[in-house]
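# Fold and contact review
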Amino acid sequence: MTILEVDGFSLSFGGVHALRDVSLTVAEGSITAVIGPNGAGKTSLFNSISGFYRPQKGRVTLSGQDVTRVPAPRRAAMGLGRTFQNIALFRGMTVMDNVKLGAHVRMRTGPMSAMFYMGRARREEVRVRAEIEREVFDFLEIDHIRRSPVASLPYGLQKRVELARALAMRPKVLMLDEPVAGMNREEKEDMARFILDVKEQWGVTVLMVEHDMGMVMDISDRVYVLNFGQRIAGGTPAEVQANPEVIEAYLGADDMTTLRERLRGERGAA
Amino acid sequence: MRIGSPKETYAADESLFRTRTQWVWFGILLLSLVLYPFMANLYWLYLVCLICINIISATGLNILTGYTGQVSLGQAAFMGVGAYTVAWLDNNASTPFIMNLLAAGAVTTVVGIIAGLPSLRVKGLYLAIATIAASFILQFIFINWESVTRGTRGINIEPPTLFGVEFDNPDTFYWLVVPVTVVMLILAANLFRTRVGRAFIAIRDRDISASVLGINLPLYKLMSFAIASFYAGIAGGFYAYFYGSINPESFPLLLSIFFLAAIIVGGLGTILGSILGAVFMTLTPELLRYGVDVLEPFVHDASALLSPVRTMVFGLLIVGFLLFEPHGLAEIWRRIRRFFHLWPFRN
């Protein structure tokens with residue numbers, strides 16, 4: 001079952017082609033990775049899927065519905081959650097408020113009942129609080145920092161809080177933009193485990209952009225490779241690793257042995 | 001972090017005052033507000049009424065500028081809309097004053113939403129300029145829509161009455177404006193315990209990630225303008241009743257800057273900041289004048305000499321706050337509290 005489908009995205013800024021006729025499908029309940037060298041258009045693709053960029057050509061379908069013309073906040077409400085490459089948390093707020101914001105689309109309180117904080121508004125706040133404590137904080141092991149301001153947390157924890165915020169949305173598809181970039185090995189292992197758990201326990205489909213080859217090859221069901229805004233390969237991790245075009249894109253030459261060694265080495269690390 | 005206040009339910013942990021100490025202090029505050037009129041003279045009652053009006057308006061502006069990050073220099077003009085609504089209703093309809101006040105809030109809300117429309121496109125300084133433009137337009141309407149506003153001649157308002165009591169003096173007006181201020185402050189504080197308030201802060205901190213989380217930016221920006229101008233409308237309505245007459249000169253652009261300064265000095269994005277800022281901005285000039293009076297016998301021609309100095313000291317205090325305490329009086333308050341939490345131990 002395909003849950004997210006991108007069909008022929010083309011996006012250009014002035015004369016620069018960020019994406020050229022990129023298509024991909026994401027199967028429900030899978031982990032799908034998009035890889036590619038710097039500047040390949042991975043983040044442009046993500047921004048187009050979540051609705052920040054409007055590609056000049058192409059369509060995107062979410063659970064069978066065409067959402068090409070749907071603005072970003074509506075897509076979020078339809079179950080498209082995401083995190084950012086450079087953490088986009090609200091730095092002044094506590095972890096708790098950040099994660100509660102993730103549940104924003106699932107709540108209904110309007111300004112009037114909010115100001116009186118009676119009846120429905122109060123019940124809704126308490127219900128969401130309990131849900132977050134039970135489902136998100138326990139799961140990601142961040143209950144001890146719930147009252148800390150986000151800005152005071154170390155990088156690895158901030159990444160985890162951002163994942164928590166995305167999960168509080170209860171998304172159908174979770175898009176992770178470089179979830180383990182800049183982490184040490186231990187933090188990477190934790191994050192890889194969380195991503196697998198998200199897929200298995202929550203049943204959430206994951207689409208991620210990642211540079212860490214070891215992790216991508218280990219946990220992904222399907223991998224797409226972008227280069228210069230074009231999709232040059234797509235398939236299972238093993239197929240992609242064996243693809244000579246991919247090897248050329250990464251190394252600039254068909255130096256297969258070096259790449260294989262690099263992949264093996266990084267997989268061992270992660 | 002505070003310890004020693006365990007909770008058994010999430011509802012208790014989400015409450016406005018989380019410890020018993022806070023409830024006790026809140027009770028003491030309410031009690032002193034009740035006792036105050038029996039101890040203060042008319043002049044100090046007048047000052048408290050004025051402070052309350054300023055607190056209401058500053059709270060509104062703080063919701064818009066401090067919490068939502070939409071810089072507005074139209075707060076005084078919005079107050080004007082509220083004041084003229086009350087004045088017109090007072091002179092042309094025999095509705096009770098509570099209705100008039102609510103109508104002032106409602107009319108100002110609509111005007112505020114319209115004035116907030118540019119915020120969907122521009123932010124920061126550009127939005128500030130757009131709101132200045134809105135306030136000039138409103139000023140123009142105050143002067144030229146003679147059939148309603150009576151132009152530059154101004155318009156008189158009868159003092160409000162309730163149950164036969166006439167609120168024509170600070171000592172009676174106090175009982176009207178103080179409870180409303182307390183209620184409006186609690187309403188504002190409640191707002192930031194819910195999704196609406198969190199959405200406002202999210203828009204201020206990072207509007208792009210706010211929209212990824214499904215927050216409808218145009219809707220919430222306009223909602224923030226609506227709430228801010230509702231507060232301004234109520235404050236303006238009280239202003240009209242309090243002074244008994246208004247004219248277009250009552251709501252100059254300078255007053256908007258006064259409110260902006262109040263929330264900056266008090267603390268952007270805190271309810272306490274709106275209170276402290278409004279108190280500071282209203283009281284400091286008075287206290288400085290008091291200082292001049294004290295110096296009168298000692299310095300030859302003190303009032304003529306010291307009046308300009310007074311204005312300068314006031315200005316310097318504001319600059320000082322920007323330089324040395326950018327988080328405002330609310331932060332100083334928080335630091336004092338933290339000190340006493342730990343006292344007599346050091347951290």
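These remarks concern the structure in this document. For clarity, every value in this text was computed on a predicted model and none was experimentally measured. Every chain is numbered independently, its residues counted from 1 as its sequence is written. For this description, chains carry letters from A and ligands carry numbers from 1, given in the order in which they are written. Residue-level local features of this predicted model are given only where pLDDT is at least 70; pairs of side-chain atoms are given and counted only at 80 or more, and the full residue set underlies all totals for whole chains, interfaces and linings. As a convention, hydrogens and water are excluded, and side-chain values are obtained from all of the structure's heavy atoms.

### Quick look at the overall build of chain B
Here is the rule: For helices the rule is a DSSP run of H or I covering at least 4 residues; for strands it is a run of E covering at least 2, with both sets numbered from the N terminus onward. Throughout this description, buried means an accessible area under 20% of the type-specific maximum (1.4 Å probe, protein chains only), exposed means over 50%, and partly exposed covers the range between. Any two residues whose heavy atoms approach within 4.5 Å are treated as being in contact. To be clear on the numbers: accessible area is Shrake-Rupley with a 1.4 Å probe, and residue cover counts the displayed protein chains and nothing else.
Helix and strand content of chain B: 15 helices and four strands. Along the first, second and third principal axes, the C-alpha atoms of chain B reach 60 × 60 × 45 Å. Going through the 347 residues of chain B one by one, you find that 50% of them count as buried. In chain B, 76% of the contacts between residues at least 6 apart in sequence involve partners at least 24 apart. With the model as given, the accessible surface of chain B reaches about 17300 Å², and the carbon-plus-sulfur share is 69%.

### Details of the overall build of chain A
Our working definition: The globule rule used here is 2.2 Å times the number of residues to the 0.38 power, and the radius of gyration it is set against is calculated over C-alpha atoms. We count Lys and Arg on the positive side and Asp and Glu on the negative side, and we leave His and both chain ends out. The location of each charge is read from NZ of Lys, CZ of Arg, CG of Asp or CD of Glu.
When helices and strands are tallied, chain A shows eleven helices and ten strands. Here the C-alpha radius of gyration of chain A, 19 Å, is about what a compact globule of 270 residues would show, namely 18 Å. Taking all 270 residues of chain A together, 56% fall into the buried category. Within chain A, contacts between residues at least 6 apart in sequence are counted, and of these 66% link residues at least 24 apart. With an accessible surface of roughly 11400 Å², chain A has 49% of that area assigned to carbon and sulfur atoms. Side chains of chain A give 36 positive and 34 negative charges; the mean places of these two sets differ by 8 Å.

### Comments concerning the interface of chain A and chain B
Test applied: A simple way to read buried area is as the amount of 1.4 Å-probe accessible surface that goes missing from two parts once joined, with both sides added. Any carboxyl oxygen of Asp or Glu that lies within 4 Å of a side-chain nitrogen of Lys or Arg is treated as forming a salt bridge with it. Polar contact criterion, stated in full: a pair of N or O atoms within 3.5 Å, where within protein one must be able to donate a hydrogen and the other to accept it, and residues adjacent in sequence count only if both atoms are side-chain atoms. Under the convention adopted here, Pro, Cys and the residues Ala, Val, Leu, Ile, Met, Phe, Trp and Tyr are nonpolar, Asp, Glu, Lys and Arg are charged, and Gly plus all remaining residues are polar.
On the side of chain B, 31 residues touch chain A, which itself brings 37 residues to the contact. Summed over both partners, the interface of chain A with chain B buries about 3200 Å², with 65% contributed by carbon and sulfur atoms. Seen at the junction of chain A and chain B, the total is five salt bridges. Where chain A touches chain B, the interface holds 13 residue pairs in polar contact (both at pLDDT 80 or more). Listed by contribution, the elements that provide at least two residues to the side of chain A that touches chain B are helix 2 (72-77), helix 3 (95-102), helix 4 (111-116) and helix 5 (120-140) of chain A. Looking at the side of chain A that touches chain B element by element, the count peaks at six residues for helix 5 of chain A. Partitioned by chemical class, the residues of the side of chain A that touches chain B number 21 nonpolar, five polar and eleven charged.

### Looking at the sheet that holds strand 5 (residues 65-66) of chain A
Residue and element names in this part refer to chain A. What counts, and what does not: Whether two strands pair comes down to DSSP finding at least two bridges between them. Axes here refer to lines fitted to C-alpha atoms; in helices the fit is confined to the stretch in contact. Angles between the N-to-C directions go from 0 to 180 degrees.
Taking strand neighbours across the sheet as the criterion, the four strands line up as 2-1-4-5 in an open arrangement whose pairing is antiparallel. In the strand order of this sheet, the two ends are held by strand 2 (16-27) and strand 5, each with one partner. Relative to strand 4 (residues 57-62), strand 1 (residues 2-13) runs antiparallel, the two being bridged by five bridges. In the strand pairing of strand 4, Ser 10 is matched with Lys 57. Strands strand 1, strand 2 and strand 4 of the sheet are contacted by helix 1 (residues 42-50), whose axis makes an angle of about 115° with strand 1.

### Concerning the layout of surface pockets
Stated precisely, the cut-off is as follows: Residues are said to line a cavity or pocket when one of their atoms sits within 4 Å of a point; the points come from a 1 Å grid over protein atoms alone, cavities being sets where a 1.4 Å probe fits but cannot get out and pockets being open sets with protein on both sides within 12 Å along at least five of seven lines. Grid points are joined across faces, edges and corners, and a volume is the space filled by probe spheres set on the points.
Here the second largest pocket is characterised by a volume of approximately 530 Å³. Along its surface, the second largest pocket is lined by 22 residues, and Leu 102, Met 184, Leu 187, Phe 230 and Ile 234 of chain B are the ones closest to its centre. Taken together, the elements giving at least two residues each to the lining of the second largest pocket come down to helix 4 of chain A together with helix 5 (97-116), helix 8 (170-191) and helix 11 (217-243) of chain B. Considering each element in turn, the lining of the second largest pocket owes the most residues, seven residues, to helix 11 of chain B. Its residues assigned to classes, the lining of the second largest pocket shows 21 nonpolar, one polar and no charged.

### What to know about the side chain of Glu 133 of chain A
Secondary-structure assignment places Glu 133 of chain A in helix 5. Setting aside chain neighbours within four positions, we find Glu 133 of chain A in contact with Met 96, Asp 138 and Arg 146 of chain A together with Tyr 10 of chain B.

### A closer look at the packing of aromatic side chains
To be explicit about the condition: Pairing of aromatic rings covers Phe, Tyr and Trp, the last through its six-membered ring, and needs centres within 6.5 Å; plane angles under 30 degrees mean stacked, over 60 mean edge-to-face, and all others mean tilted. Each ring is checked for a lysine NZ or an arginine CZ that lies within 6 Å of its centre and within 35 degrees of its normal; such an atom marks a charge sitting over the ring.
Inspection of every chain in the model, using the stated rule, returns 28 aromatic pairs over all chains. Centre to centre, the rings of Phe 173 of chain B and Phe 238 of chain B are 6.0 Å apart; their planes meet at 85°, and the pair counts as edge-to-face. One end of the pair, Phe 173 of chain B, is in helix 8; the other, Phe 238 of chain B, is in helix 11, and 65 residues separate them in sequence. Overall, the relative accessible area of 1% leaves Phe 173 of chain B in the buried class. Each ring, one from Tyr 239 of chain B and one from Phe 251 of chain B, has its centre 5.1 Å from the other, and the planes form 55°; the classification is tilted. Of this pair, Tyr 239 of chain B sits in helix 11 while Phe 251 of chain B sits in the loop between strand 4 (245-246) and helix 12 (253-266), and the two are twelve residues apart along the sequence. Per residue, the accessibility class of Tyr 239 of chain B equals that of Phe 251 of chain B, and both read buried. Each member of the aromatic cluster is reached from another via a ring pair, and the members are Tyr 43, Trp 44, Tyr 46, Phe 173, Phe 238, Tyr 239, Phe 242, Tyr 243 and Phe 251 of chain B. A cation sits over an aromatic face here: Arg 193 of chain B above Tyr 117 of chain A, 3.6 Å from the ring centre.

### With respect to the sheet that holds strand 8 (residues 205-209) of chain A
Within a sheet, neighbouring strands are paired by backbone hydrogen bonds and run either parallel or antiparallel to one another. Residue and element names in this part refer to chain A. Across the sheet, six strands lie side by side as 6-7-8-3-9-10; this open sheet has mixed pairing. The sheet terminates laterally at strand 6 (80-82) and strand 10 (230-235), the two strands that pair on one side only. Ignoring which end each strand starts from, the neighbouring axes of this sheet average 20° apart. Summarising the sheet, strand 7 (residues 173-177) and strand 8 pair through five bridges and their orientation is parallel. Bridge pairing in strand 8 links Leu 174 to Val 206. Helix-sheet contacts for helix 6 (residues 155-168) involve strand 6 and strand 7, and the interaxial angle to strand 7 is about 160°.

### Let's talk about a negative patch on the surface
What counts is decided by this rule: Only residues whose relative accessible area exceeds 30% and that form no salt bridge are eligible for patches; like-charged ones are grouped when within 9 Å, while nonpolar side chains (Val, Leu, Ile, Met, Phe, Trp, Tyr) are grouped when within 5 Å.
A surface patch of like charges, here negative, comprises Glu 158, Glu 166, Asp 168 and Asp 171 of chain B. In this fold, Glu 166 of chain B is placed in strand 3 (residues 165-166).

### Topic: the pattern of salt bridges
In the structure shown here, the tally under the stated rule is 25 salt bridges over all chains. A salt bridge links Asp 212 of chain A to Lys 188 of chain A; its shortest N-O distance comes to 2.8 Å. Residue Asp 212 of chain A is located in the loop between strand 8 and helix 8 (213-219), and its partner Lys 188 of chain A is located in helix 7 (residues 185-202); the two are separated by 24 residues in the primary sequence. Exposure remark for Asp 212 of chain A: the relative accessible area of 11% places this residue in the buried category. The partly exposed category is assigned to Lys 188 of chain A, whose relative accessible area is 23%. With its nearest N and O atoms 2.8 Å apart, the salt bridge here joins Glu 325 of chain B to Arg 335 of chain B. Highlighted residues: Glu 325 of chain B in the loop between helix 14 (302-324) and helix 15 (328-342) and Arg 335 of chain B in helix 15, separated in sequence by ten residues. Each of Lys 100, Arg 129, Glu 133, Arg 146 and Arg 147 of chain A together with Asp 13 and Glu 14 of chain B takes part in a single network of salt bridges with overlapping partners.

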